[in-house]
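One letter stands for each residue in the lines below.
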Amino acid sequence: EEVMQTLRDLRRNDVDVVTFGQYLRPTEHHLNVVEYLPPAKFDYWKEVSMQLGFKYVASGPLVRSSYKAGEYFLQSKLKQERDALRAQA
């Protein structure tokens, strides 16, 4: 429920891009991983986020918020525009 509320709050504040990734312990001096989430969970949150109106969602165990986010967002937007133009033709 906390994730869902956060997503709603983000959309209510016109946030268009969201990322979901798995925390990976970089060294033994960092916090332990409490739970590894299955890929299906990332797929679920991607679908929920798209239904809420996010324009781009990166969701997977190895996704990082800054990892090529701008590039993927632009590719996604261009594809959406091309698909819309094809549908009109």
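Residues numbered from 1 in each chain as written. Predicted model: local features only at pLDDT ≥ 70, side-chain atom pairs only at ≥ 80, totals over all residues. Heavy atoms only, no water.

*Asks:* Even after reading the chapter, I still don't get the nonpolar core, so can you show me in this structure?
*Replies:* Taken as a class, soluble globular proteins show a tendency for nonpolar side chains to be buried jointly. In terms of nonpolar packing, the biggest core is built from 9 residues, these being M4, L7, V18, F20, F42, W45, V48, F54 and V57. For this core, the secondary-structure elements that each account for two or more residues are α1 (2-12), β1 (17-20) and α2 (39-51). Residue contributions to this core peak at 3 residues, all from α2. The residues touching V57, leaving out its near neighbours within four places in the chain, are V18, F20, K46, S49 and M50. (Core = buried A, V, L, I, M, F, W, Y, C linked by side-chain atoms within 4.5 Å. Buried < 20%, exposed > 50% of the residue type's maximum accessible area, 1.4 Å probe, protein only. Helix = DSSP H or I, 4+ residues; strand = E, 2+ residues; numbered from the N terminus. Contact = heavy atoms within 4.5 Å.)

*Asks:* Would you mind going over the pattern of salt bridges with me for this structure?
*Replies:* When the charged atoms of two side chains with opposite charge come close together, those side chains can pair. If you walk through the whole model with that rule in mind, you get 6 salt bridges. Between D16 and R11 there is a salt bridge, with the nearest N and O atoms lying 3.1 Å from each other. Given the relative accessible area of 22%, R11 is considered partly exposed. A salt bridge links D83 to K79; the shortest N-O distance between them is 2.8 Å. Note that D83 and K79 are positioned in helix α3 (residues 69-88) at a spacing of 4 residues, about one turn of the helix. On the basis of relative accessibility, which here comes to 48%, the residue K79 falls in the partly exposed class. Within this structure, R11, D16 and K55 form a network of salt bridges that share partners. (Salt bridge = Lys/Arg side-chain N within 4 Å of Asp/Glu carboxyl O.)

*Asks:* Looking at this model, I keep getting lost on the pairing of β1. Mind explaining?
*Replies:* Regular strands have side chains that alternate between both faces of the sheet. Residues V18 and F20 point to one face of β1 and are all buried, whereas V17 and T19, pointing to the other face, are not buried. For the segment spanning β1, α2 and strand β2 (residues 56-59), crossover handedness is right-handed. (Right-handed = clockwise from strand over helix to strand, strands pointing away.)

*Asks:* Please clarify how unusual backbone geometry should be interpreted in this entry.
*Replies:* For D14, which is not glycine, the phi torsion reads 65° and is therefore positive. Mapping D14 onto the fold places it in the loop between α1 and β1. Note on D14: relative accessible area 62%, which makes it exposed.

*Asks:* Could you clarify how one ought to interpret the packing of α1 against α2 in this entry?
*Replies:* Any two packed helices are characterised by the angle at which their axes cross and by the distance between the axes. Viewed as axis vectors pointing N to C, α1 and α2 meet at an angle of 35°, and their least axial separation amounts to 10 Å. Between α1 and α2 lies a crossing whose hand is right-handed. For the pair α1 and α2, the contacting residues are V3, M4 and L7 in the first and W45, V48 and S49 in the second. Residue composition of the contact of α1 with α2, grouped by class: 5 nonpolar, 1 polar and no charged. (Axes fitted to C-alpha atoms, helices over the stretch in contact; angles between N-to-C directions. Left-handed = near helix turned anticlockwise from the far one by under 90°. Nonpolar A, V, L, I, M, F, W, Y, C, P; charged D, E, K, R; others polar.)

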